Amino acid sequence: MARILRRVFLVLMLSAGIATAAQGRETPAADTAGTVLITGSDRGIGFELAKQYALRNWKVLATCRTPAHAQALAGLAASHPNVVIEELDVTDVGEIEALAAKYAGTSIDVLINNAGIFGDVESQSLEELDYDDFVRVMAVNAFGPLKVSQAFIDHVAASRQKKIVTITSGLASMTLTENVRQGFYFYRASKASVNIISRTLAAELRGRKILVGLFNPGVVDTGFGATGYAGPRLSPEQAATALVAFIEALNPDNAATMINHDGTAMPW
Ligand SMILES: NC(=O)c1ccc[n+]([C@@H]2O[C@H](COP(=O)([O-])OP(=O)(O)OC[C@H]3O[C@@H](n4cnc5c(N)ncnc54)[C@H](OP(=O)(O)O)[C@@H]3O)[C@@H](O)[C@H]2O)c1
């Protein structure tokens, strides 16, 4: 009996010691709801995501191409110490790998591949088909999410939530014939590419319990893509709110399918 009591006492002392050590240690995400990394977070939907996660007390790794030009993000970081700005061009392999190395050992609950470009509308019309623009759009929208996801697999796998989410587009859907009327070849192709990339990642990462999500925000009022679309648009706030809710609800049943901002499944 005395031996058992001594053991219980020892375990209690050890736990107290561990707890004290943990309090003294620098654990950046310890008092936050989780850690999220967002690409292209200096404006548009990405900035709204950074804001909403910051307000929800997440640690936000807010990445962008040119921090020196990211005034709104700098303002957000100044008022929210849980926001850290990091430079990241999603087409720059060296930069991606350096950032992943910098955060080695840090768990990232949610990785959001938000950065994207539409490309010049004329240059991707049947009349022009500019090769350099094609490469640029594919590099940012398809290679970028794939490479960023690959670089941060260990960080996500080490986290509690284990989620990688990529923003896609209804313009990539082959089922919605009303969408496939004219042009936008490069943008459509890049988002269709990132759809199959995400599906493949989902299959490969299932063993590590990582959920891969695909979200279609609908048409959002960010100035993205000079398509001449004159219909209704969501605000960036509305799109980000829907995306945060989607990420919260992401589970093995709805992972790797294209989900709309209203929660419905988007036909491919
Ligand atoms: N708005 C819509 O109607 C709509 C609809 C469907 C899907 N989406 C998708 O939603 C995502 C966000 O779009 P948005 O409307 O917020 O567009 P946005 O306001 O134009 O913002 C795009 C963001 O991507 C960043 N970016 C571009 N190239 C980059 C690169 N090489 N590396 C890192 N960041 C890069 C931009 O950074 P800089 O400031 O440095 O340029 C900017 O932060 C995109 O993936 C887009 O395809 C948008």
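As the structure is a prediction and not an experimental result, all values here were calculated from the model.

Draft legend 1. Examining the site of the ligand more closely. The local shell around the ligand holds 25 residues, among which G40, G44, A115, G116 and F224 are the closest. Broken down by element, the shell around the ligand gets its largest block of residues, 3 residues, from helix α2 (residues 44-55). Considered class by class, the residues forming the shell around the ligand number 11 nonpolar, 10 polar and 4 charged.

Draft legend 2. The arrangement of the environment of S149 in detail. Positionally, S149 belongs in helix α5 (residues 131-151). Put simply, S149 and I112 are 37 residues apart on the chain and 9.0 Å apart in space, counted from C-alpha to C-alpha. Other than its neighbours up to four places away in sequence, S149 contacts L111, N113, I164 and L201.

Draft legend 3. Up close: the pairing of strand β4 (residues 110-113). Alternating residues of β4 divide into V110 and I112 and L111 and N113, and every residue in both groups is buried. Inspection of the sheet shows strand β1 (residues 35-38) paired to β4 by 3 bridges, in the parallel sense. Bridge assignment links L37 to a residue of β4, and that residue is L111. Looking at chain direction, β4 and strand β5 (residues 163-167) are connected through 4 bridges and run parallel. Bridge pairing links I112 to V165 in β5.

Draft legend 4. The packing of helix α4 (residues 93-102) against α5, seen in detail. It is the contact of α4 with α5, at a shortest axis distance of 9 Å, that shows an interaxial angle of 25°. Comparing the axis directions of α4 and α5 gives the class roughly parallel. Considering how the two elements wind past one another, α4 and α5 form a crossing that is right-handed. On α5, the residues touching V93, I96, E97 and A100 of α4 are K147, V148 and A151. For the contact of α4 with α5, a count of residues per class yields 5 nonpolar, no polar and 2 charged.

Draft legend 5. Spotlight on the sheet that holds β1. Spatially, the 7 strands line up as an open sheet ordered β3-β2-β1-β4-β5-β6-β7, and their pairing is parallel. A single partner strand is all that each edge strand has here, and the edge strands are β3 (83-87) and β7 (258-260). The average undirected angle you get between the axes of adjacent strands in this sheet is 20°. Summarising the sheet, β1 and strand β2 (residues 59-64) pair through 4 bridges and their orientation is parallel. Its bridge partner lying in β2, L37 is registered against L61. Helix α7 (residues 185-205) contacts β5, β6 (211-216) and β7 of the sheet and is inclined by roughly 160° relative to β6.

Definitions and cut-offs
Residues numbered from 1 in each chain as written. Predicted model: local features only at pLDDT ≥ 70, side-chain atom pairs only at ≥ 80, totals over all residues. Near = placed C-beta within 6 Å. Helix = DSSP H or I, 4+ residues; strand = E, 2+ residues; numbered from the N terminus. Nonpolar A, V, L, I, M, F, W, Y, C, P; charged D, E, K, R; others polar. Contact = placed C-beta atoms within 7 Å. Buried ≥ 20, exposed ≤ 12 C-beta atoms within 10 Å, placed from the backbone. Pairing = 2+ DSSP bridges. Axes fitted to C-alpha atoms, helices over the stretch in contact; angles between N-to-C directions. Parallel < 35°, antiparallel > 145°, perpendicular 65-115°, else oblique. Left-handed = near helix turned anticlockwise from the far one by under 90°.

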